[in-house]
Amino acid sequence: MGFLTDHKKTIIAGFILLAIILGAAIGTGGSLPDSYDFSRYFHVLSGIIWIGLLYYFNFVQVPSLGGVTPETKADIFKEGSIVRRALFWFRMGAHSTLLFGTILLVGLFGDKLNHGGSMDIMIGATFAIIMWFNVTFIIWPNQKKVIGMVEATADEKAAAGKKALMASRINTLLSIPMLFLMFSSTHFQIFG
Ligand code: HEM
């Protein structure tokens, strides 16, 4: 059970299990998903990483760091810390979700699916792209000041923290209808 002691091996084991399931499906007369379906899978997997960490920041980390002193914060935010790792996977999740989401969008407009380019997905994807923009151009540049990767005075750090928090809260708000529209676009289009 060595693969359970190292998270990287655990993830590889998960993909091996998936490969076995796909092999079993083919062996019993099923068919392999095409590249579009794989993109949808990696899109959702990436989205879980991104939005999971967004909710972790908003529901767990930010409320817990309210009364923490600047000295403790410096320790919490240092190189290799939980916060820096979480921010790294948060950004990678956002980029990867956008990458696979764009492949899906291009597929939809190439009329890959019979519901190509519904109003549901247009609104959902617009919300998600705004969220990605917030991560890349507001949250991350400001977080770099907060965690000390970019030089900033105490006042600048406080202002940067507020900007990052507001953008993060906007993303939390948008994520609620965004996720609904991602699903509705495929399963039950609310705009018809
Ligand atoms: C970053 C920008 C994003 C774009 C451009 C985008 C685009 C798309 C597109 C075009 C589809 C439709 C695929 C289809 O009809 O086959 C889709 C599906 C989906 N998206 Fe996104 N998306 C984005 C972000 C997100 C995020 C942040 C999540 C959160 C987890 C998410 C979750 C989903 C889910 C769960 C589906 C699958 C729905 C289903 O087939 O049941 N998306 N996305």
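Residues numbered from 1 in each chain as written. Predicted model: local features only at pLDDT ≥ 70, side-chain atom pairs only at ≥ 80, totals over all residues.

Our next topic: the nonpolar core. One recurring pattern in soluble globular proteins is that nonpolar side chains are buried together. Of all hydrophobic cores here, the largest spans 24 residues; its most connected members are Trp50, Leu54, Phe90 and Met178. Looking at this core, the elements with two or more residues in it are helix H2 (35–64), helix H4 (82–109), helix H5 (119–146) and helix H6 (154–187). Residue contributions to this core peak at eight residues, all from H5. With residues up to four places along the chain from it excluded, the contact list for Met178 reads Gly124, Phe127, Ala128 and Met131. (Core = buried A, V, L, I, M, F, W, Y, C linked by C-beta atoms within 7 Å. Buried ≥ 20, exposed ≤ 12 C-beta atoms within 10 Å, placed from the backbone. Helix = DSSP H or I, 4+ residues; strand = E, 2+ residues; numbered from the N terminus. Contact = placed C-beta atoms within 7 Å.)

In this section: the packing of H4 against H5. The interhelical angle for the contact between H4 and H5, taken along N-to-C directions, is 150 degrees, at an axis separation of 10 Å. Relative to H5, the element H4 is oriented roughly antiparallel. Our pair here, H4 against H5, has a crossing hand that is left-handed. Across from Leu87, Arg91, Ala94, Leu98, Gly101, Leu105 and Leu108 in H4, the residues of H5 making contact are Ile121, Ala125, Ala128, Trp132, Val135, Trp140 and Gln143. (Axes fitted to C-alpha atoms, helices over the stretch in contact; angles between N-to-C directions. Parallel < 35°, antiparallel > 145°, perpendicular 65-115°, else oblique. Left-handed = near helix turned anticlockwise from the far one by under 90°.)

Below, the discussion takes up the site of the ligand. Close contacts around the ligand come from 26 residues, with Gly47, Gly101, Ala128, Met182 and Thr186 the closest. Listed by contribution, the elements that provide at least two residues to the shell around the ligand are H2, H4, H5 and H6. In terms of residue class, the shell around the ligand is made up of 17 nonpolar, eight polar and one charged. (Near = placed C-beta within 6 Å. Nonpolar A, V, L, I, M, F, W, Y, C, P; charged D, E, K, R; others polar.)

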